[in-house]
Structure formats: structure tokens, C-alpha cells
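Overview (structure and organization)
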Number of protein chains: 2
Amino acid sequence: MGTRNPGQRAGLTRGAVLAAANELLAERGLAALTMRAVATRLDVAPNALYSHVANKTALLDEVLDERLALVTEPDPDGDPAAGLHAVMTSTRAVLLDRPDLVPLYLARQGARGPHAQRLGEVMLGLMDRAGVTGGDAREALRVLIVYTIGFAALGTGGPLAADETARSFDRGLRWLLTGIIPG
Amino acid sequence: MGTRNPGQRAGLTRGAVLAAANELLAERGLAALTMRAVATRLDVAPNALYSHVANKTALLDEVLDERLALVTEPDPDGDPAAGLHAVMTSTRAVLLDRPDLVPLYLARQGARGPHAQRLGEVMLGLMDRAGVTGGDAREALRVLIVYTIGFAALGTGGPLAADETARSFDRGLRWLLTGIIPG
DNA sequence: ACCTGAACACCGTTCAAGT
DNA sequence: ACCTGAACACCGTTCAAGT
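What counts, and where the lines are drawn
Residues numbered from 1 in each chain as written. Chains lettered and ligands numbered in written order. Predicted model: local features only at pLDDT ≥ 70, side-chain atom pairs only at ≥ 80, totals over all residues. Heavy atoms only, no water. Near = heavy atom within 4 Å. Polar contact = N/O pair within 3.5 Å; in protein donor to acceptor, adjacent residues only side chain to side chain. Nonpolar A, V, L, I, M, F, W, Y, C, P; charged D, E, K, R; others polar. Salt bridge = Lys/Arg side-chain N within 4 Å of Asp/Glu carboxyl O. Helix = DSSP H or I, 4+ residues; strand = E, 2+ residues; numbered from the N terminus. Buried < 20%, exposed > 50% of the residue type's maximum accessible area, 1.4 Å probe, protein only. Contact = heavy atoms within 4.5 Å. Phe/Tyr/Trp six-rings, centres within 6.5 Å; stacked < 30°, edge-to-face > 60°. Lys NZ or Arg CZ within 6 Å of the ring centre and 35° of its normal.

**Remarks on the protein's contact with DNA strand D**
As a matter of local geometry, DNA strand D sits amid 25 residues, with R9(A), N47(A), H52(A), R36(B) and Y50(B) nearest to it. In the interface set of DNA strand D, defined as its atoms within 4 Å of the protein, sugar plus phosphate atoms amount to 51%. Within the side chain of R9(A), an N or O atom sits 2.6 Å from a base nitrogen of DNA strand D. Within the backbone of G11(A), a nitrogen or oxygen atom sits 3.1 Å from a phosphate oxygen of DNA strand D. Split into classes, the residues belonging to the surface near DNA strand D amount to 9 nonpolar, 11 polar and 5 charged.

**Topic: the protein's contact with DNA strand C**
Taken together, 25 residues surround DNA strand C, and among them R36(A), Y50(A), R9(B), N47(B) and H52(B) come closest. Considering the 4 Å shell around the protein, atoms of DNA strand C inside it are sugar or phosphate in 50% of instances. Between DNA strand C and the protein, one listed contact pairs a phosphate oxygen with a backbone N or O atom of A45(B) at 2.8 Å. Partitioning the surface near DNA strand C into residue classes produces 9 nonpolar, 11 polar and 5 charged.

**Focus: the pattern of salt bridges**
Tallied over the entire structure, the rule returns 18 salt bridges over all chains. Across the salt bridge formed by E23(A) and R41(A), the nearest N and O atoms sit 2.5 Å from each other. Here R41(A) lies in helix 2 (residues 35-42) and E23(A) lies in helix 1 (residues 14-28), a separation of 18 residues in the sequence. We note a salt bridge from R167(B) to E139(A), for which the minimum N-O separation is 3.7 Å. Of this pair, R167(B) sits in helix 8 (residues 162-180) while E139(A) sits in helix 7 (residues 134-153), placing the two residues on different chains. Residue classification places R167(B) among the partly exposed residues on the basis of a relative accessible area of 48%. Judged by its relative accessible area of 6%, E139(A) is buried. Here the salt bridges share partners, and the residues they tie into one network are D136(A), E139(A), R167(B) and R171(B).

**So, the side chain of S168(A)**
Counting through the fold element by element, S168(A) comes out in helix 8 (residues 162-180). Here S168(A) is in contact with Y147(A), F151(A), E139(B), R142(B) and V143(B), once residues within four sequence places are set aside.

**Examining the packing of aromatic side chains**
In this structure the tally under the stated criterion is 6 aromatic pairs over all chains. Seen from their ring centres, Y147(A) and F169(A) are 5.5 Å apart, and the 15° between their planes marks the pair as stacked. Note that Y147(A) is positioned in helix 7 and F169(A) in helix 8, a separation of 22 residues in sequence. The buried category is assigned to Y147(A), whose relative accessible area is 0%. Owing to a relative accessible area of 2%, F169(A) belongs among the buried residues under this scheme. Ring plane angle 50° and centroid distance 5.2 Å describe the contact between Y147(B) and F151(B), whose orientation is recorded as tilted. In this pair, Y147(B) and F151(B) both sit in helix 7 (residues 134-153), 4 residues apart, roughly one turn of the helix. We note that Y147(B), like F151(B), is buried. One aromatic cluster in this structure is built from Y147(A), F151(A) and F169(A). Above the plane of the ring of F169(A) lies R92(A), whose end atom (NZ or CZ) is 5.1 Å from the centre.

Pasting the structure below:
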């Protein structure tokens, strides 16, 4: 840490900062994800991070969107209801790996960012093929996203077993999909 | 503030601490709700609060449960589906008044506390009268709660108008209730 | 039992330097 | 442009006193 003088570079990149943040999150949870801890892990002074990210909020935003890259995209030409079911199930699984993050998704009202946007478009495409369009499609999209994020939030640590929760999720999801795409 | 000496009482109560916390939340939002700010508002030293609440988490827990006292309870002898619809709609309205809190409900996995428990029991009673019992009822309860909290979280500040969001919520809620109580 | 003073171990962020 | 040192304005919480 004290090994470098002012003016000497540490070879930091935006990607390295993001990677360090993700590692910290995985190893020690959200509470441990502080700017100072990220800096320590990268062996730089805390304020060095501000050359690569605007602030902590921006860093978190990117961490959040990056996770959505892990969601398995459905076949856009397959059965719409099955595709929607698959995306939401995959999304829940991805979120379940980092339950700490879920309240942040909700605080930010569902995540901006390229990955979130792409998933939304895929889902709208599936609905379109099922005859659900316009405002109806946007409503249904919102319902599905809220339901899935909400369930991921309550999906861990509760009194119910993991497989029981998975069944509850699946059940409610089918109720919703039946409402969205009747028949 | 510096007007009292060690040993002199300020007449603080647990209720006063809670009230100050709620006022701060209403006037300046969750970020402004710090132990030090609560203490300042009560004109005491920060650590004086610890004679009345265990820590900040315990204080927040009570603030969260207290809000649920505002939820209108349904007629336990009325139509079950209508009753469930009414509780969830009322809950959403109550949460919508303090959107800052919603991520906290989710982070805590849906709120412990007496008011939360009472509402759960009322809902289970309604389902029982509709023939939904045991594990099925617990599943349905969980689905409804998650859906409602999740929607409250995304219910404000988004790109959609308030009435449009209210309609989306209502629509999804009816889909779920149709699944829970068929016919 | 309830409160103050002082302190501890933290935060995120900014500003002025150095190369 | 990228980094350090130092500092600012905060946090929650604890501990030793006072009455």
C-alpha cells in the first residue's frame, strides 16, 4: 500500500475495480463491499478508485447489471409461455446466488443497464408472438419482473426449505403466465 | 444539547425515539434516518438512544412493523377472494407512502413483528374459508406478500404513471387470486 | 436506570499535490 | 491521466463516568 509514491501508476482499470468488487461481494457480502475495502484489495489508496468509477452508486449499478449477463436467454422462436417461464426461472436462480443484491435491484426500481434492457426486449418479443402487445405487454413484463425479484428476495434464509420455495415460485409464475397468455 | 450534565435525565422514552425516527423518515427520507439525527431531534447525545433501543436494526424493525398497523383489515366473514384483494391493495397503498422502506422489508425477508403476524393470520383465515389450507395456503400467502411488496418497490418514480401502475398491480393480483382460489 | 463526554473504528468523497 | 497524502464531514457503537 505505502509502496508507491504520488505519480506512480498502479495499472488500475475499470474492469479490475469491478472484478474486485464482485469478489468482495462473493466472499464477504454486501456490507463488506466498501470503497475502502475494494481499494485495499487492489492495493491502492481509497481515492484512486475515483479515477475509474464516478462513485459507489455507479459501481454498484454496474455490478447489478453485470449479474444479469448470467441469465440464460430463451429461444426467441420457441413457445412463448415456455420461454417466459424459462427466463424468469433462470433470473431467479441468478439472483438467488447473491441475495444481498436483491434489495438493491428493488431500490433502483429494477435495474437499468444494457443487460437488463436486452432481457426485457427478448421477453417483449415472446409476448408479441403470443399476441400480447403494447400496454398489455408492458404491464405483463412489469408483473413478471416484480414477482421474480420479489421472490428471489424472500427466497433464502426463510423458514421454508429451498425446494418448497422453488415450488411456490413456480406455481405463482404459472398462475401469472396463464393470466398473461390465456389458453 | 450541551444544556444537560451527566446524570440529568432527558425524559426519553422508547415511544419518543420511535416517533422521532418516523418523523425523520417522513421529512427527509431513509438516508437521513441516522441514530445521530434521531438523537439531535430529541436533543440528546447520540448514545442516549441505546438506553431505549438495542441498536439501529432493532429501531428499524419496529418502524417497519409499525407501518403495517395502518393496513385496513378485511371482514373475516366476507368473500375470501375479495378480502384478500382488499388487504393486498391496502398494504400496497401503505407501503407506497414510504417507498424508501420497501427494500428493507425485502432485506429482512418480509417483516417479523406483531402487526405482520396478525395480517398473515387474517389472510390464512380467509383462505381456509375458501378451502385452501396447509402447505397450499402458506405457499399462496408467500406469493401474495412477495408480489405486493415487490410492486410497491417498483411502484414509484418509474416511467409509468401512478394509475397505470395501479392497474398493472390489480391485474396481476387478480391473476394470482384466480390461481389460488379457482372458480 | 438514564444520560453525558469522549473515544474507537469505521465510512464516502474532495482537494492539492506529484509524475 | 492516474495515483498518493491528508483531510473533511460524517457514521454506529462502546466505555467510563456522573446522578
